Amino acid sequence: MNEPSRFHAAEKENRALWDEIAPIHLKAYHEVDLLREGKEILDKIELHELGPVDGKSLLHLQCHIGTDSLAWARHGARVTGVDFSEVSIACANQLSEELKTPASFIHSNIYDLRAVHEGTYDVVYTSKGVLCWLKDLKEWGRIIAHFLKPGGIFYLMEGHPIAAAMEEVKPGELSLTYPYFHKTDPTTWAGDADYADPNYVPKHASQEWDWAVSDIVNAIIDAGLRLEFVHEYEKLFFKLFPSMATKDDHWFTLPDNYAGKFPLLLTLRARKPL
Ligand SMILES: C[S@@+](CC[C@H](N)C(=O)[O-])C[C@H]1O[C@@H](n2cnc3c(N)ncnc32)[C@H](O)[C@@H]1O
């Protein structure tokens, strides 16, 4: 199989996985309950770093079941969410209706978005488990630049790439097990419990690409955006390693012996020049 066919097959398998687990997530995501209770689900880091969105148009790439999209809509943004999983988009529309929080959702692969959707936005936002599904980060950067208005902001909050290369080999002991740098073909993962519902093991495998920090930063710079900051944090939005613990806010940290030693989260803000 040549590269486009291999990538197409990998995306097809990933789409089937996300279609399978979207209804599981609609039941299992704690964010859904919090939204129903009228509570905040966005973290203070992103609220602070992205800044006020009231009255702004916001394109949310890889929006999944729309939880974060609807949270930004509650902050006053006019939100358009995009996802290639048809079932995720159906869940997002259902949630938007139930919560009486308007937002538009588009069913599209982000790589096809320029062909099916017109318009430019004040903000392009993407977060929490998005980059490993993407086959081409340079093209991702160009898509972001295309949909930004001049002066518009791109904001990313994502698991730190170095954390994805680590494994907890003994309780509290991390080891560098997996490759950090990008390779052309994705890695197949199967048989692990779902990250939101530990009692559910997805039937479909995932095909994931690793991207280094330099790949992310260079994709943004090469697309002509002006990088405003890159930040690293010692907390993560899911339990990546067994010994991680949460203080009831659904964010996880490593045991104290790792304090000050290891990044778990990466954020980045960039602006399209006027
Ligand atoms: C972890 S979720 C998104 C994160 C979101 N913050 C959440 O937890 O609800 C990843 C999403 O990326 C979507 N996705 C993966 N590859 C995509 C692509 N090429 N185009 C559009 N959506 C894609 C999947 O369907 C899935 O809904």
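See the structure printed just above.
Conventions used here
- Residues numbered from 1 in each chain as written.
- Predicted model: local features only at pLDDT ≥ 70, side-chain atom pairs only at ≥ 80, totals over all residues.
- Heavy atoms only, no water.
- Helix = DSSP H or I, 4+ residues; strand = E, 2+ residues; numbered from the N terminus.
- Rg over C-alpha atoms; globule rule 2.2 N^0.38 Å.
- Contact = heavy atoms within 4.5 Å.
- Areas by Shrake-Rupley, 256 points an atom, 1.4 Å probe, with all protein chains shown as cover.
- Salt bridge = Lys/Arg side-chain N within 4 Å of Asp/Glu carboxyl O.
- Buried < 20%, exposed > 50% of the residue type's maximum accessible area, 1.4 Å probe, protein only.
- Polar contact = N/O pair within 3.5 Å; in protein donor to acceptor, adjacent residues only side chain to side chain.
- Core = buried A, V, L, I, M, F, W, Y, C linked by side-chain atoms within 4.5 Å.
- Near = heavy atom within 4 Å.
- Nonpolar A, V, L, I, M, F, W, Y, C, P; charged D, E, K, R; others polar.
- Pairing = 2+ DSSP bridges.
- Axes fitted to C-alpha atoms, helices over the stretch in contact; angles between N-to-C directions.
- Parallel < 35°, antiparallel > 145°, perpendicular 65-115°, else oblique.
- Left-handed = near helix turned anticlockwise from the far one by under 90°.

(A) View of the overall build of the protein. Counting its regular elements, the protein contains nine helices and 13 strands. The globule rule puts the C-alpha radius of gyration for 274 residues at 19 Å, and the 18 Å found for the protein is close to it. Put simply, of all contacts in the protein between residues at least 6 apart along the chain, 73% involve residues at least 24 apart. If you sum the accessible surface of the protein, you get close to 13,000 Å²; carbon and sulfur atoms cover 53% of it.

(B) Quick look at the pattern of salt bridges. Evaluation of the coordinates by the stated rule reveals 16 salt bridges. Lys235 is the partner of Asp43 in a salt bridge, and the nearest nitrogen-oxygen pair spans 3.0 Å. One end of the pair, Asp43, is in the loop between α2 (30-36) and α3 (44-50); the other, Lys235, is in the loop between β10 (226-233) and β11 (245-246), and 192 residues separate them in sequence. Grouping residues by exposure puts Asp43 and Lys235 together as buried. Across the pair Arg271 and Glu228 runs a salt bridge, and its minimum N-O distance is 2.7 Å. Taken as a pair, Arg271 in strand β13 (residues 265-271) and Glu228 in strand β10 lie far apart in primary sequence, 43 residues in all. Using a relative accessible area of 28% as the deciding quantity, one classes Glu228 as partly exposed. A network of salt bridges, in which partner residues are shared, links Arg226, Glu228, Arg269 and Arg271.

(C) Up close: the side chain of Glu49. In this fold, Glu49 is placed in helix α3. In this structure the side chain of Glu49 is engaged in a polar contact, spanning 2.4 Å, whose partner is the side chain of Tyr233. With near-sequence residues (within four places) excluded, Glu49 lies in contact with Tyr155, Phe229, His231, Tyr233, Thr267 and Arg269.

(D) Quick peek at the nonpolar core. Counting residues in each nonpolar core, the largest one holds 46 residues, and the members touching the most others are Trp72 and Phe262. Contributions of two or more residues to this core are made by α1 (3-28), α2, α3, α4 (67-74), α5 (86-98), β4 (121-127) and β5 (148-159). Phe262 has contacts with Ile162, Ala163, Met166, Leu174, Glu234, Phe241 and Leu254, leaving out every residue within four places of it along the chain. Core analysis: the next-biggest nonpolar cluster, separate from the first, contains 35 residues, Ala10, Leu61, Val124 and Ile216 among them.

(E) Examining the site of the ligand more closely. Surveying the vicinity of the ligand reveals 18 residues, the closest of which are Tyr29, His64, Asp83, Asn109 and Ile110. Between the ligand and the protein, one listed contact pairs an oxygen atom with a side-chain N or O atom of Tyr29 at 2.8 Å. At 3.5 Å, a side-chain N or O of Asp68 approaches a nitrogen atom of the ligand. Here the ligand loses 96% of its free accessible area of 590 Å² to cover by the protein chains. Residues that form the shell around the ligand fall into these classes: six nonpolar, eight polar and four charged.

(F) The arrangement of the pairing of β13 in detail. Burial of β13 is extensive: six of the seven residues sit out of reach of the surface. Pairing geometry for β5 and β13, over seven bridges, is antiparallel. Across the sheet, the residue bridging to Ile153 is Arg271, located in β13. Where β10 meets β13, seven bridges bridge the pair, whose relative direction is antiparallel.

(G) Spatial organisation of the packing of helix α7 (residues 137-147) against helix α9 (residues 213-222). For the pair α7 and α9, the least separation of the axes is 8 Å and the interaxial angle reads 45°. One finds that α7 runs oblique with respect to α9. Our pair here, α7 against α9, has a crossing hand that is right-handed. The segment α7 lies against α9, with Leu137, Lys138, Trp140, Gly141 and Ile144 engaging Asp215, Ile216, Asn218, Ala219, Ile220 and Asp222. Grouping the constituent residues of the contact of α7 with α9 by class yields six nonpolar, two polar and three charged.

(H) Representation of the sheet that holds strand β1 (residues 57-61) within the structure. Taken in spatial order, the seven strands of this open sheet run β3-β2-β1-β4-β5-β13-β10, and their pairing is mixed. The sheet terminates laterally at β3 (104-107) and β10, the two strands that pair on one side only. Neighbour-to-neighbour, the strand axes of this sheet turn through a mean angle of 15°, independent of strand direction. Sheet topology note: the β4/β5 ladder contains six bridges and is parallel. Following the sheet pairing, Ser127 is matched in β5 by Met157. The strands that α9 touches are β5, β10 and β13; relative to β13, the one it contacts most, it runs at about 10°.

In short, the description is geometric, and any link to function would need to be established separately.
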